[in-house]
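Each chain, letter by letter, is given below.
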Number of protein chains: 2
Amino acid sequence: METGESGPSDSSWQAAVGQGGGLLRSVGIGSLELEAGGSLPSVTMAYECWGTLNAAGSNAVLIQHALTGSTHVSRGDSEENGWWEGLVGPGEVIDTDQYFVVCANMLGGCYGTTGPSSIAGDGAPYGSRFPFVTIRDSVHAEARLADQLGITSWHAVIGGSMGGARALEWAVTFPERVRRCAVVAACAASTAEQIAFAQAQVLAIRQDPNFANGDYYDGAAPTLGLGLARRIAHITYRSEAEMGTRFGRNSQAGENPISHGRLRIDGGSPVQERYQVESYLDHQARKLVGRFDANSYIVITEALMSHDVGRGRGTLEEALARTAGVEFLVAAVNSDRLYFPAQSEELAAALPGSVEVRRIDSAIGHDGFLTEVGAVGELLREQFFTD
Amino acid sequence: METGESGPSDSSWQAAVGQGGGLLRSVGIGSLELEAGGSLPSVTMAYECWGTLNAAGSNAVLIQHALTGSTHVSRGDSEENGWWEGLVGPGEVIDTDQYFVVCANMLGGCYGTTGPSSIAGDGAPYGSRFPFVTIRDSVHAEARLADQLGITSWHAVIGGSMGGARALEWAVTFPERVRRCAVVAACAASTAEQIAFAQAQVLAIRQDPNFANGDYYDGAAPTLGLGLARRIAHITYRSEAEMGTRFGRNSQAGENPISHGRLRIDGGSPVQERYQVESYLDHQARKLVGRFDANSYIVITEALMSHDVGRGRGTLEEALARTAGVEFLVAAVNSDRLYFPAQSEELAAALPGSVEVRRIDSAIGHDGFLTEVGAVGELLREQFFTD
């Protein structure tokens, strides 16, 4: 990926964007006031974009990534497929011949936006000095990015899981800037259970001796803790039925979990005599550890724990009343047991007007919002991209 | 609690038991061959009992404890209430004026039975040298205890959660010694999801630097790891709805989770600006850490992962066919999301004859098998203790 400072002041920029979809860009948005008080100086927002903004600035679509997602929604001119590959591109549901599509890395992230691994003013990484941020803080930062891109209002803001929380927070914070909003596999406020699972993940990292209270950038990273956090999270992303069908009680090939070797560990490494499902979770852990910063995992997880569009805005209905001009698509994965469909129903019921929750059929659980890209696309085409 | 060697060779023993219900006792059962190979020398089985064994040895009831349970089912003559208080005692459903009730600490446990914290032949604790054991191994050890107590067959073997797995394994391993078997909130074989959640718990302990590969008895115990394991487990023991109703998004009194203090930690201690549900889970963690050994947690969790009454016995139906002479009570908590009612249905369908799954109504989730002692008692009274 390629990083470069770009902005509307550069007159060649719009054409360049059209030819550089799916490549990482970034802009400085200055100092950002934070909901918990104080401010974060010199914030950089990283993003990718696809297509070209029209002269009226009316064809922009914001796609919001999930907890460990990146800005890379779609391959574009890059070498790598995106996490919603097939949804965005020339002739796709979100047709980049017609729409200008943006995906910004969440505030606190590790995909280019200012986060704990970024270099602070004193030349050292923020580490433990990175402040507490909320979903709302990120939305304010994303609005500054939109300002710089010349986008006064979005044709649509779309997200799944934490991306759905970010999309909803956009609609409630800036209803005049959001014409359509898709909230997929997400809810109005993180629940006690979501907070509980998040606490376990955050503790898994904090309790890793390599974490060093967040100041580990000059030493070994807390990879075991981050790997454990991912395992816990990943179980909640999948359904009991999917794991049962896929792995059952099978042993990993060549390994015997009913053996004394089961209790022997090799250094800090996981058990070597495993069930298949353990090997699968080890693999998920390894993959994330190779691409994500542990401090960002904590900061973004804590931001998600804070998610509550009603905070400081009266009742949920009162908070949502300001979105009366926004068209909503609320969708849930039928087998989701982290963001239960009932939570989407509660959100839809509290929205102004009549919003029917659309179901995404998948046996996989929460991750259906990622894997069922066809179903998500159909819902979006039907309601937001009809032409 | 009081520990003493007792056995049928002591002629005053049966009378003494009648007067010492709910006090910890133990017997040596010698060397035990293990399913994974090899043997464990000089095994001690700890147990409590209530009531008096009749001359025919026909009035004995075995109650099997769950993962972190102890032998202390009922207060008896002790100072402490038991974990199924009200179920066992004079005039209770399991009437100790009529029945002789036994609860044995699981093999590998830390409530008196030989486990990793026990002293091995060389005078040092087993620690990392403690072998891998299975539910089936414990049932074999429990059968030796029954032999010593003069119990040739049980009026009933009863258990919930892992206790249910142990009860079922008893019925399949020794069908001629089990006249009735109650399997509450448990299933025929641990599932992929149960294994996955168990892996996370086991890793939480193994990754604690104090764990020292299990040889921590001369130093600090891996309390942070054990506490995290308990938090993960406890979430699965409760329902999403119960946590939502009880805690919602409330902050813990005097704490502000939407604050920069949220990201500061005090040594290795958990976050101090918490949501109520976090404080609740911290409390659950602290309670367990104060009463349970981390090595035993791993050994018993791995034993539960191994739970599969069909292992080496053909299909599940073939394995269960040998229980044709056993009367079963299979019960599930309707809101259980760790041992889903569907898993109880699968077990019941695979049992010989026609067994209807009884529902325990509780909004609490899996822990309903403990909290709904009245409902459990009613089911037992109706089917096993009718007189």
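Residues numbered from 1 in each chain as written. Chains lettered and ligands numbered in written order. Predicted model: local features only at pLDDT ≥ 70, side-chain atom pairs only at ≥ 80, totals over all residues. Heavy atoms only, no water.

Looking at an unreviewed UniProt entry, chain A carries the name Homoserine O-acetyltransferase, with the source organism given as Arthrobacter silviterrae. Per UniProt, chain A has the following entry under Subunit (unreviewed entry): "Homodimer." Heading Function (unreviewed entry) of the UniProt record for chain A holds this comment: "Transfers an acetyl group from acetyl-CoA to L-homoserine, forming acetyl-L-homoserine." (UniProt positions renumbered as here; feature names shortened; annotations may be inferred.)

In this complex, chain B contributes 64 residues to the contact, which on the side of chain A involves 64 residues. The tally of links from chain B across to chain A stands at six salt bridges. The partner of R249(A) in a salt bridge is D308(B), and the shortest N-O contact between them spans 3.5 Å. One can count 29 residue pairs in polar contact (both at pLDDT 80 or more) joining chain B with chain A. Among the elements of the structure, α4 (192-206), α5 (223-237), α6 (240-246), α7 (276-289) and α8 (294-305) of chain B are those that each provide at least two residues to the side of chain B that touches chain A. Here the side of chain B that touches chain A takes 10 residues from α4(B), the largest share from any one element. Class assignment for the residues of the side of chain B that touches chain A results in 33 nonpolar, 17 polar and 14 charged. (Contact = heavy atoms within 4.5 Å. Salt bridge = Lys/Arg side-chain N within 4 Å of Asp/Glu carboxyl O. Polar contact = N/O pair within 3.5 Å; in protein donor to acceptor, adjacent residues only side chain to side chain. Helix = DSSP H or I, 4+ residues; strand = E, 2+ residues; numbered from the N terminus. Nonpolar A, V, L, I, M, F, W, Y, C, P; charged D, E, K, R; others polar.)

Within the structure shown, the criterion is met by 44 salt bridges over all chains. The shortest N-O distance in the salt bridge between D147(A) and R177(A) comes to 2.8 Å. Here D147(A) is found in helix α2 (residues 135-149), whereas its partner R177(A) is found in the loop between α3 (162-173) and β8 (180-184), with 30 residues between them in sequence. The class for D147(A) is partly exposed, based on a relative accessible area of 45%. Between R337(B) and E193(A) there is a salt bridge; the shortest N-O distance is 2.6 Å. Of this pair, R337(B) sits in the loop between β9 (327-333) and α10 (341-350) while E193(A) sits in helix α4 (residues 192-206), placing the two residues on different chains. Both residues of the pair, R337(B) and E193(A), count as buried. Each of E35(A), R136(A), E169(A), R311(A) and R313(A) takes part in a single network of salt bridges with overlapping partners. (Buried < 20%, exposed > 50% of the residue type's maximum accessible area, 1.4 Å probe, protein only.)

Looking now at the sheet that holds strand β10 (residues 358-360) of chain A. Hydrogen bonds between backbone atoms are what pair the strands of a sheet, whose relative direction is either parallel or antiparallel. Residue and element names in this part refer to chain A. Sheet architecture is open: eight strands sit in the order β1-β2-β6-β3-β7-β8-β9-β10, paired in mixed fashion. Two strands in the sheet have a free side with no partner beyond their single neighbour: β1 (25-33) and β10. The mean inter-strand angle of the sheet, taken between neighbouring strand axes irrespective of direction, is 25 degrees. Contacting β3 (60-64), β6 (100-104), β7 (156-160), β8 and β9 (327-333), α3 runs over the sheet at an angle of about 150 degrees to β7. Across the sheet, helix α10 (residues 341-350) touches β8, β9 and β10, and the angle it forms with β9 is around 165 degrees. (Pairing = 2+ DSSP bridges. Axes fitted to C-alpha atoms, helices over the stretch in contact; angles between N-to-C directions.)

Our next topic: helix α2 (residues 135-149) of chain B. All names here are of chain B. Between its first and last C-alpha atoms α2 spans 21 Å; for 15 residues at 1.5 Å apiece the expected length is 21 Å, and the two agree. Burial runs high along α2: 11 of the 15 residues are buried. Taken together, the buried positions of α2 are I135, R136, D137, S138, V139, A141, E142, A143, L145, A146 and L149. Looking one or two places after α2, you find G150, whose phi comes out positive at around 80 degrees. (Expected span 1.5 Å × (residues − 1).)

Rotating chain B by 180 degrees and translating it 0.0 Å along the rotation axis places it on chain A, where the RMSD comes to 0.0 Å. Taken together, the rotation and translation describe the operation of a two-fold axis. Comparing interface residues between copies, 100% of those in chain B also lie at the interface in chain A; the contact surface is shared. (Least-squares fit on C-alpha atoms with pLDDT ≥ 70 in both.)

Residue and element names in this part refer to chain A. Under the definition given, this model contains 21 aromatic pairs over all chains. Members of the aromatic cluster, joined through ring pairs, are Y111, F292 and Y297. Cation over ring: R177 sits above F174, and NZ or CZ is 5.8 Å from the ring centre. (Phe/Tyr/Trp six-rings, centres within 6.5 Å; stacked < 30°, edge-to-face > 60°. Lys NZ or Arg CZ within 6 Å of the ring centre and 35° of its normal.)

All names here are of chain A. As recorded in UniProt, the sites labelled "active site" (unreviewed entry) are S161, D336 and H366. Over a stretch of 206 residues, the named residues converge on one spot in the fold, their C-alpha atoms separated by at most 10.6 Å. Among the structural elements, D336 can be located in the loop between β9 and α10. We classify D336 as buried; its relative accessible area is 2%. Setting aside residues no more than four positions away along its own chain, D336 makes contact with A185, P341, G365 and H366.

Residues and elements named next belong to chain A. Split by domain assignment, chain A resolves into domain 1 (13-190 + 307-383) and domain 2 (195-300). If you look at the interface, domain 1 gives 26 residues, while domain 2 gives 25 residues. With both chains or domains summed, domain 1 and domain 2 bury close to 2100 Å², and 60% of this area falls on carbon and sulfur atoms. It is L67, T68 and R337 in domain 1 that bury the most area against domain 2; as a group they hold 27% of the surface buried on that side. Applying the counting rule to domain 1 against domain 2 returns one salt bridge. On inspection of domain 1 and its partner domain 2, the count reaches 15 residue pairs in polar contact (both at pLDDT 80 or more). Partitioning the side of domain 1 that touches domain 2 into residue classes produces 14 nonpolar, 10 polar and two charged. (Domains from an automatic or database assignment. Buried area = accessible area lost by both parts, 1.4 Å probe.)

Here we come to the side chain of Q207(A). Inspection of the secondary structure assignment puts Q207(A) in the loop between α4 and α5 (223-237). At 3.0 Å, the side chain of Q207(A) forms a polar contact with the backbone oxygen of L224(B).

So, about unusual backbone geometry. The backbone of N213(A) sits at a positive phi, close to 60 degrees, despite the residue not being glycine. For N213(A), the position within the fold is in the loop between α4 and α5. Its identity is not glycine, yet S161(B) carries a phi of approximately 60 degrees, on the positive side. Within the element layout of this structure, S161(B) appears in the loop between β7 (156-160) and α3 (162-173). In this structure S161(B) comes out as buried when scored by relative accessible area, which is 8%.

Residue-level pLDDT values for chain A average 94, and 93% of them are 70 or greater. Long-range and interchain partners of residues 1-16 of chain A, a stretch whose pLDDT sits below 50, account for 29 contacts in this model, where long-range means more than four residues apart. (pLDDT = per-residue confidence, 0-100.)

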